[in-house]
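# A look at the structure
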Amino acid sequence: MLVAPSILSADFGNLARDVEAICEGGCDLVHVDVMDGHFVPNLTIGPVVVEAVAKAASKPLDIHLMVENNSFFVDLFAPLKPGYISFHIEEEKHPHRLIQKIRSLGIKPAITLNPHTPPEAIEFLLEDVDMVLLMSVNPGFGGQKFISSVIKKVKHLKKLINERNPKCLIEVDGGVTDENVKLLEEAGVDIVVAGSFVYKHPNGISHAIAALK
Ligand code: DX5
Ligand code: ZN
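In short, a report on the structure.

## Some remarks on the packing of aromatic side chains
Evaluation of the coordinates by the stated rule reveals one aromatic pair. Where phenylalanine 72 meets phenylalanine 73, the ring centres are 5.3 Å apart and the plane angle is 90°; that geometry is what we call edge-to-face. Assessed through its relative accessible area of 44%, phenylalanine 72 is described here as partly exposed.

Written out as structure tokens, the structure reads:
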């Protein structure tokens, strides 16, 4: 299992230290939650802070946009050369065009689905993306309870992916712990995002990452 710790649970007063800690602790990607106060009822960080994250990170950034006006935010973050940029299908009128734009900037495109959105909503986009991110909480905040119906959804999505683009990865985000990671792996998940489990683990960050792997 690949692990992408969410820096939303980091200490923002010591952000570089906390980004270095997950990279040295064995993470695969650095998950960056960008919220605009419109698409979700929370506001996080923009390109100035994410640039500092990129400088401290020795692993690729996995930027999760939770915003209106995705294309504008892609332009803001593209110069930082993230590994992935994902956008919510619920907030995009022209997803195919946006996917092409992200790829043309040398970034792997990914689509995110809220808990209620069926995998069929993106069936005809699967050939064009490198990853699908399934939310297992309502986007906006760290530390929420895992919505277990995502397990069924992963299995369903995996079937569509096998038909349309077997190389496409499945990532799950929200409420992931060592108690549900095994079920996620069995269902077909490739990458888990974990914020509070990684940053607030009593035995430390590298222990938490190892437990998820
Ligand atoms: C929620 C974010 C998540 C969040 C995960 O909107 O997308 O990445 O930080 O945090 P935990 O693992 O605490 O649920
Ligand atoms: Zn996220």
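## Re the coordination of the zinc ion (ligand 2)
The zinc ion (ligand 2) binds to the protein through His31 (NE2), Asp33 (OD), His64 (ND1) and Asp173 (OD); the donor distances cover 2.0 to 2.3 Å. Going along the chain, you hit the donors of the zinc ion (ligand 2) in the pattern H-x1-D-x30-H-x108-D. Taken together, the residues span a long stretch of sequence, with histidine 31 in strand β2 (residues 30–35) and aspartate 173 in strand β7 (residues 169–173) at a distance of 142 residues. Neither histidine 31 nor aspartate 173 differs from the other in exposure class; each is buried.

## Description of helix α2 (residues 47–56)
Residue pairs spaced three or four apart in an α-helix point in one direction, given the helix's 3.6 residues per turn. Three or more residues of α2 are buried, namely Val50, Val53 and Ala56. Angularly, the buried residues of α2 cover 115° about the axis, an arc narrow enough to put them on a single face. Turned more than 90 degrees off the buried face of α2, the exposed positions are Val48 and Lys55. In the core, the buried residues of α2 are packed alongside α1 (15–24), β2, β3 (61–66) and α3 (70–77).

## A closer look at the site of ligand 1
Close to ligand 1 lie 20 residues, the nearest being Gly140, Gly143, Asp173, Gly195 and Ser196. Within the side chain of histidine 31, one N or O atom sits 3.5 Å away from an oxygen atom of ligand 1. Between ligand 1 and glycine 140 there is a distance of 2.7 Å, counted from an oxygen atom to a backbone nitrogen or oxygen. For the shell around ligand 1, the elements supplying multiple residues, two or more each, are β2, β3 and β8 (191–194).

Scoring rules and cut-offs
Residues numbered from 1 in each chain as written. Chains lettered and ligands numbered in written order. Predicted model: local features only at pLDDT ≥ 70, side-chain atom pairs only at ≥ 80, totals over all residues. Heavy atoms only, no water. Phe/Tyr/Trp six-rings, centres within 6.5 Å; stacked < 30°, edge-to-face > 60°. Buried < 20%, exposed > 50% of the residue type's maximum accessible area, 1.4 Å probe, protein only. Donors = N, O, S within 2.8 Å, 3.2 Å for Na, K, Ca; no water. Helix = DSSP H or I, 4+ residues; strand = E, 2+ residues; numbered from the N terminus. Arc of directions from axis to C-beta. Contact = heavy atoms within 4.5 Å. Near = heavy atom within 4 Å. Polar contact = N/O pair within 3.5 Å; in protein donor to acceptor, adjacent residues only side chain to side chain.

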